[in-house]
Every structure is written in structure tokens, then in C-alpha cells.
Protein chains: 4
Amino acid sequence: MPNPTPHDRSDQPIMSASRLELFSDAVFAISITLLALEIRPPEPSEHLGADLLGLWPQFAALVISFLLIGQVWLNHHAMFTYIKRVDRVLMVLNLLLLLNVAFLPFSTAVLAEAISTGAGDRAAAVFYGLSLAVGGVFFNAIWAYASAGHRLLGADITPAQAAVMRRRFAVGPLLYLVAALVGLVSAVASLALYAFLLVLYLAEIAAPRGDR
Amino acid sequence: MPNPTPHDRSDQPIMSASRLELFSDAVFAISITLLALEIRPPEPSEHLGADLLGLWPQFAALVISFLLIGQVWLNHHAMFTYIKRVDRVLMVLNLLLLLNVAFLPFSTAVLAEAISTGAGDRAAAVFYGLSLAVGGVFFNAIWAYASAGHRLLGADITPAQAAVMRRRFAVGPLLYLVAALVGLVSAVASLALYAFLLVLYLAEIAAPRGDR
Amino acid sequence: MPNPTPHDRSDQPIMSASRLELFSDAVFAISITLLALEIRPPEPSEHLGADLLGLWPQFAALVISFLLIGQVWLNHHAMFTYIKRVDRVLMVLNLLLLLNVAFLPFSTAVLAEAISTGAGDRAAAVFYGLSLAVGGVFFNAIWAYASAGHRLLGADITPAQAAVMRRRFAVGPLLYLVAALVGLVSAVASLALYAFLLVLYLAEIAAPRGDR
Amino acid sequence: MPNPTPHDRSDQPIMSASRLELFSDAVFAISITLLALEIRPPEPSEHLGADLLGLWPQFAALVISFLLIGQVWLNHHAMFTYIKRVDRVLMVLNLLLLLNVAFLPFSTAVLAEAISTGAGDRAAAVFYGLSLAVGGVFFNAIWAYASAGHRLLGADITPAQAAVMRRRFAVGPLLYLVAALVGLVSAVASLALYAFLLVLYLAEIAAPRGDR
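Residues numbered from 1 in each chain as written. Chains lettered and ligands numbered in written order. Predicted model: local features only at pLDDT ≥ 70, side-chain atom pairs only at ≥ 80, totals over all residues. Heavy atoms only, no water.

Colleague: I tried to follow the packing of helix α1 (residues 17–34) of chain A against helix α3 (residues 56–82) of chain A on my own but got confused; where do I start?
Modeller: For any two helices packed against each other, one specifies the crossing angle of their axes together with the interaxial distance. All names here are of chain A. The geometry of α1 relative to α3 is characterised by a closest axis approach of 10 Å and an angle of 175 degrees between their N-to-C directions. Relative to α3, the element α1 lies roughly antiparallel. Residue-level inspection shows A17, L20, E21, S24, D25, F28, S31 and I32 of α1 in contact with α3, the latter providing F66, I69, G70, V72, W73, H76, H77 and F80. Split by residue class, the contact of α1 with α3 holds 9 nonpolar, 5 polar and 2 charged. (Axes fitted to C-alpha atoms, helices over the stretch in contact; angles between N-to-C directions. Helix = DSSP H or I, 4+ residues; strand = E, 2+ residues; numbered from the N terminus. Parallel < 35°, antiparallel > 145°, perpendicular 65-115°, else oblique. Contact = heavy atoms within 4.5 Å. Nonpolar A, V, L, I, M, F, W, Y, C, P; charged D, E, K, R; others polar.)

Colleague: Help me out: how do you make sense of the interface of chain B and chain C in this one?
Modeller: A common measure of how large an interface is: the accessible area buried when the components associate. Counting residues at the interface gives 45 residues for chain B, matched by 47 residues for chain C. Between chain B and chain C, roughly 4,100 Å² of surface is buried when both sides are summed, and carbon and sulfur atoms account for 71% of that area. There are 3 salt bridges connecting chain B and chain C. A salt bridge links B:R19 to C:D25; the nearest nitrogen and oxygen atoms lie 3.0 Å apart. Counting the contacts that link chain B with chain C gives 2 residue pairs in polar contact (both at pLDDT 80 or more). It is helix α4 (residues 88–117) of chain B that provides the largest number of residues to the side of chain B that touches chain C, a total of 16 residues. Looking at the side of chain B that touches chain C residue by residue, the class counts come to 31 nonpolar, 8 polar and 6 charged. (Buried area = accessible area lost by both parts, 1.4 Å probe. Salt bridge = Lys/Arg side-chain N within 4 Å of Asp/Glu carboxyl O. Polar contact = N/O pair within 3.5 Å; in protein donor to acceptor, adjacent residues only side chain to side chain.)

Colleague: Quick question: what am I supposed to make of the packing of aromatic side chains here?
Modeller: Given two aromatic rings, one states the distance between the centres and the angle between the planes to describe the pair. This structure, assessed with the given rule, holds 40 aromatic pairs over all chains. Seen in terms of ring centroids, C:F103 and C:F127 are 5.9 Å apart; in terms of plane orientation they differ by 70 degrees. Their pairing is edge-to-face. Of this pair, C:F103 sits in helix α4 (residues 88–117) while C:F127 sits in helix α5 (residues 121–147); the two residues are 24 residues apart in sequence, bridging distant segments of the chain. Following the ring pairs from residue to residue traces out a cluster consisting of A:F59, D:F103, D:F106 and D:F127. Taking the ring centre of B:Y145 as reference, the NZ or CZ of B:R151 above it sits at 3.9 Å. (Phe/Tyr/Trp six-rings, centres within 6.5 Å; stacked < 30°, edge-to-face > 60°. Lys NZ or Arg CZ within 6 Å of the ring centre and 35° of its normal.)

Colleague: Looking at this structure, I do not really get the interface of chain D and chain C. What am I missing?
Modeller: Tallying the contact residues gives 47 residues for chain D and 45 residues for chain C. Counting across the interface, chain D meets chain C through 3 salt bridges. Ionic pairing is found between D:R40 and C:E38, a salt bridge with its closest N-O pair at 3.7 Å. On inspection of chain D and its partner chain C, the count reaches 2 residue pairs in polar contact (both at pLDDT 80 or more). Listing elements by their share of the side of chain D that touches chain C, those giving two or more residues are α1 (17–37), α2 (48–53), α3 (56–82), α6 (159–185) and α7 (187–206) of chain D. The greatest single-element share of the side of chain D that touches chain C, amounting to 12 residues, is contributed by α3(D). Looking at side-chain class alone, the side of chain D that touches chain C contains 30 nonpolar, 8 polar and 9 charged residues.

Colleague: Mind showing me how you'd approach a nonpolar patch on the surface here?
Modeller: The grouping of A:L22, B:L22 and D:L22 at the surface amounts to a nonpolar patch, some 190 Å² of accessible area in total. Here B:L22 lies in helix α1 (residues 17–37). (Patch = residues over 30% accessible without salt bridge, like charges linked within 9 Å, V, L, I, M, F, W, Y side chains within 5 Å. Areas by Shrake-Rupley, 256 points an atom, 1.4 Å probe, with all protein chains shown as cover.)

Colleague: How should I be thinking about the relation of the copies chain B and chain C in this particular structure?
Modeller: Each of the two chain copies goes to the other by way of a rotation about an axis and a shift along it. Overlay of chain B on chain C (RMSD 0.0 Å): rotation 90 degrees, translation along the axis 0.0 Å. Considering both components of the superposition, the chain copies are consistent with a four-fold axis. Taken together, the interface assignments show that only 9% of the residues at the interface of chain B recur at the interface of chain C, consistent with different surfaces on the two copies. (Least-squares fit on C-alpha atoms with pLDDT ≥ 70 in both.)

Colleague: Please clarify how the relation of the copies chain D and chain C should be interpreted in this entry.
Modeller: For the pair chain D and chain C, the relating rotation is 90 degrees, the translation along its axis is 0.0 Å, and the fit reaches an RMSD of 0.0 Å. An overlap of only 9% is found between the interface residues of chain D and their copies at the interface of chain C, pointing to separate contact surfaces.

Colleague: Please explain the side chain of C:R19 as it appears in this structure.
Modeller: When you line up the elements, C:R19 lands in helix α1 (residues 17–37). The class for C:R19 is buried, based on a relative accessible area of 17%. With sequence-adjacent residues up to four places away left out, C:R19 is seen in contact with D:E21, D:L22, D:D25 and D:H77. (Buried < 20%, exposed > 50% of the residue type's maximum accessible area, 1.4 Å probe, protein only.)

Colleague: Is there a simple way to think about empty space enclosed by the protein in this case?
Modeller: Gaps left between atoms show up when a probe the size of a water molecule is rolled over them. Enumeration according to the criterion identifies 11 cavities of 30 Å³ or more in this entry. Taken as a whole, the largest cavity encloses approximately 100 Å³ of empty space. Along the wall of the largest cavity there are 12 residues; nearest its centre are B:V92, B:L95, C:L67, C:Q71 and C:Y201. The set of elements that each furnish at least two residues to the lining of the largest cavity consists of α4 of chain B together with α3 (56–82) and α7 (187–206) of chain C. (1 Å grid on protein atoms, 1.4 Å probe; cavity = no way out; pocket = protein on both sides within 12 Å on 5 of 7 lines; lining within 4 Å. Points joined across faces, edges and corners; volume = space filled by probe spheres on them.)

Printed below as a string of C-alpha cells:
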């Protein structure tokens, strides 16, 4: 029975790229907003002000995870500017990335609570860094798959440009792995490293750049 | 009083199919992201690493439910590629499916916690499988209703192709029922069966297929 | 200083109606999905199956609130088919309706837990019914404001048709008030009344209707 | 290597303004709906009615935060009516605003619980007011950056009009700061001030206005 439905061939488009991106954006938006939901209000008391200040690890982890997800979202959009077709492999790789993004509020909460109490904080930092690194691997897998042989890309990007993006994206998981390793020594140092990387990223925005 | 408003006849379009699909996509996206929210961070302690490893049932159930919802979302999109009109019956059937999707984080949490503690795990596996099977029934009802007599479909699919999709979709609830029955014997075996089915599905993606 | 910005006059459009509807749809979708999140998984135990069955008030309230929100969403869409302009008053009335919708998971949880334990169940039923009635009042206020003097409507509906819709919508809060009063006597009877009204609504769908 | 990818220059558009606004709207919608989720149902008991009435600080804070977020959303939309391009600085400033919006359910819950118990309520009111003021600063930063030298604006607004909006927006954080200071004296007075400001805002809507 040749071609019973248009959805029956694994290598055929199953969805427009813009629809997949819209769904992905929704998951990014939900996950990024849920980050703050993981912070429980302290019990009201006469020293509520001090208790709120004591939540600084929660706030620091919130800011860092929020900006990290924001950056992943931005890069995800950059990828999908060039991805013109969606097949089932891409769909599954993208789902795995979204699963990772949806998981980040959990690993953020684990890290923040461990730093708060000082118990198990290094294990939590490694866990947090590894979950970021795994997300980075999925992210890279999406682009590697889509750009291999220019498989799912359009004419508005050349293979050479796609390779540049591939190399640029590959830095992410390596940095996260390093931060996870730093977490073996100190959770706060690991958190500070993320903050430093984000500041670098922000500084890069402000800095004038040549025609590189 | 003839035809007071365009929305007064039950067999008339009440909404564009694309609007209903957008709303459905939002519910899919929210529900899939809330799955991870059901996992509570363990109390910080010196053995946090071991405690996190001990959450493997939660992580396994998360991955499985996430990919299952993703697959239902994909199939839902495939259906709505061909559904061109929405009447009130379709609206209600679709709401029931969305209710089921929104319910999945709950049944996932029940299953994961029961496997974690080993108490009531078979009841939880049956409950999980039945909730999936009920969702599958709603899913099939949508397509059966929309495609009966080509009622709500357009010209880009033939009745024969619609019947092929009908048969293909019908497999879902049966598989879930089998997994629910397996849960009567062992919750972990039931979970493994879902994982196996998902791997089959993924393997099917990679495998080259003829012109069947 | 005449007309410094286009947003400075209270009776001028401040947003396209479709944008407001999109935002509203998002709130509907989130709220409807959060309903299930209010149900906490029972502690795993050997009698988990019975414990799950014991959650029937939670499940019943979930189904009823889910379908009620779905129906409000559908009616909201019907309204916005004809609303062509959005001014600040409409914006605020719509925000109040959305606040009510976002509140429904709370009142649903209050009702379900009270029926579960049998303590305070009548107060909970009245509270639930009143919160629905308040929502109905906001809903009617939107349409009354938009349709008064055909203020925000377009040419695809006549004032007479708008008046028919006005009368039809007005039934909602009255029914909810009746159900709230029934709750003074019995919470389960109140819940059953909602179920009955929903079944009536669903039956109306299936029934053939004349050219009324 | 000149211009390897279109995303490589910090001062170049990285995303359409409408896409950024859609993402922002999603975060607004999620955060506004999560406000109600922070209110926990009271334990069912024979005095449930009184317990629900005792939640008035939760309900008051919910209404106020809901309408405040709604107003910020409306102003955000007004800004993005004129913002035609998005660069990386704008992206980061907007992310910081969204972070603040996503944080509001937390500070609302802190305030409501503190007023409920009367413990630490002034610290909570200051915390709430400061979090609003910080959000107002980010909001103003977005518009100041976008409108400086008409950097990211289009032709449908003049520099003079943009300056009017700049002055109008600047009032927000100042009012929030005042309310935070009032919180140093009394949390309820601070809450009443927000209510008063909102009523003023609503009254302004109903009042006829000249051609100012």
C-alpha cells in the first residue's frame, strides 16, 4: 500500500518548523516561570527580613537558571531560523531538549536548598552542572543532525556558516562540565562560575566588535 | 426565531480548527512541563547524591510520560492536519482528551512514588496504564467522529487514508491496556514495557523503510 | 498637548481584540491544566487502590471544573468573534474574568477536600458556587459593555443578535447561584447539579434541533 | 571571517519584536495564573467558612498583584507597539523584567502570609514594594534603551511622543518605592495604597477626558 498517509514515512516532514518552535517556546516560557515557584515562602516571623535574606542561594540560583534558560531559548530560536523542515528524529531530539529544560527547575531547587543548608551542596552542584551539560548535548545533537549534509536547513545559510554555529554551540556543554567539576570542590564556586560566564556573555553584548 | 446567532446550531462550526489546536498545544505544553514539577527535591543531607539516585523511579516515569505526551501531541497534530471544521461534539471530545493529558502528571507521580516505596506499586501501575488507555480511547473517539462519513475532514485526505489512520491509532489503547495488565504482576515490568514500546517507536524512526 | 501617544485616550483601542483573546486563551489553558495539579497523590501504601478510589470527590470536581472552564472558554471565544475593538474598560473587565478563571483551581480544591473529609463541605459548596457566579457576572459584564450601543462590535452581528446572546449568557450566573444555594443543604447535591447541567449541555449537542 | 552568521553581531536584530512579545506574553499569562496557586486551601473543618474569610489578605494580595501584572502587561504591549527591532541588550533587559514578573507570585505570597499572621508583615510589605520597584526599573530601562536616539523604534512614533511615554512610565517605580516606605510603618496601609492607586487608575478610565 504505497503512502497511505503523508505521515507514514519517517524521513518526511511531520510538522512545520514554526509549529515546533511555537510549542518549544511555550515549554521554555512555562519552565522559566516555574523556576520561581520552587522557592517556598519562609514561615512568617518577627525575623522575616533576615529569613528572606537567608534565601540568597535560592535567589542567586533563580537568576542564574533564568538567564541560562533565556540564553538557551535565544540560541534555540537562532537554530530554528535556519531549520526549515522537521522530521521525526529532530522531533525526538527536540523533545529531549525540552525535557531537560522542564527539568531545570528541579535541579535548580536541589542546588539552592543544598547551598542553603550546606548539606550535600557539592553533590547538588555536580547534579546541576551535569543536567545542564546533558541539555547542552541534546542542543548540539539537534543542530548536528539538522545541519549534517544540510539535511533540514534552507538556502539562507551556507554549510560553512552552519559549521561555525556548530563549533560555537559545542562550547556550552564543555563549560557546564567544567562547572560541574568545580562543584566537586565547592558548590558556591560553581555557582559563581555560572554567574561569571553570564557576565562574560553580557559584557560581550556591550563590547563593540569588529567585522569578524 | 431563525438563526439568532451563528453559534446556535450544534452542527455548525464553532471555532476554527487551528484555534482549537493552538489551545490544545498550550495544554500539551503546560502538562508536559508540569511533569517535572511533581518531583520534590529530597531533603538536603550528606547523602544527597545517593538520595538523588534513589529518585530513579521518578526520573524514569518522567522520561516515559514526557515522551508519551510528546507522541500524543505529535499524533494530535497529525489528526488536525486533516480536520478542517470543529463542531461541539468534537470540542467536547477534545476537552476530554486534554483533561486526560492534564491528569497525566498526577498518575505519573502516583506511579513513581509507589515504585519508590514499593507499597501499592501494582495498583499504581494499573492506575497509570488505565489512565493512558482512557486517553487513548478519547483520542480514537476524536478521529472516529471526525472521519465518520468524512464529516469534519477536508479534501487533502481520502476516506481510505483516514481509515488507515483509524486502524493505526486504535493500537494505542490496546497496548496501554496490556501494560496495565502487566502492572497487575509487576509495576517495574509495566514501566519497562512502556520504555520498550518507546524504544520500538524510536527504532522505527531510524530504520529505513520501503514504499509500504 | 494634544494626543501625545495613541494610548492616551481611554476610549481608544489599546490592543487588537485578537491579541487580548490570545492572552486570555493562555490563561484559560494554564488554569484548566493546573486543576489537576491541586490533587495531591496519596501516600503510597498497600491500600493505594482504595485510597485512589477515595479521591473520587477530587476527580469529580476536576472533571466538572475542567468542563465548566472549557465551556466558558468556548463562550469567550464566541463573544470575541464579534468584539472588534478593545478599550481599557473591556481590558479591565476581561482581566477580572481571567482572575476568576485563575481562581477556580483553588475553589475546586476547597470543595473537593471538604467533600472528602465531610467537614465544612456545605460552606465549600457555597464558596465554589459563588466563585462561579462571580465569574458569570464578569462574563456578562464584558458582553453587556461591548454590545451596549454596539460599542465594540462589528458589522457581522446585529444588535438584535447581540441581545439574544446577552439573554443566553445571563442564565449562567443564575444557575450557579441556585447551585450555591443547593450547597447550603448538601455539597454532593450541589456537585451533582453541576454534573446534571453539564450533561444537559452535552445532550443538547447530540439532539437534533429545528430552525429556531 | 566576515559575518559568519547573521546572529554574530551584537547590534543586529536577533529576533522579531513580535516573537519576543509573544514569549513575554506567555510569561505574563503563566505568572498571573500562578498567583492563585500560591494560596493553599485551608484544612477542611466545621469552621471552613470562617477560615476562608480569614484568607482575606491572600485574596486582597491576589487581586492587587493580578491587576498590577495586568497593567504591566498592557504597558509592555504599548511599548512593543513601537519597538520594531530587538537586539541583545533589549533581550537581556526584557528577560530581567520577565524574571521580576515571574517572581511576583513569591513576593505576593510572602506579603499575604505575613499579613495573615501579623508576624514580619512590615518586612514583607517592604520586600513586596521593592520587588515591584525593581520591576519598574527594568521596565523603564527597556523603554529608555529602545527609545534613546530612537534606536529600536519605528516611524509610527516621534521622539517627542517617546519622551512623553518615558516620563509617564517613570512614575511607576517611584510610586512603588513610596508604597514600600509606607510598608515600614504598616503592611495593611501599604496594601491599601496599592488598592487606592489601582482604583485611581480604574477611575481614570471611566472619567471623560479633554483633548489633553
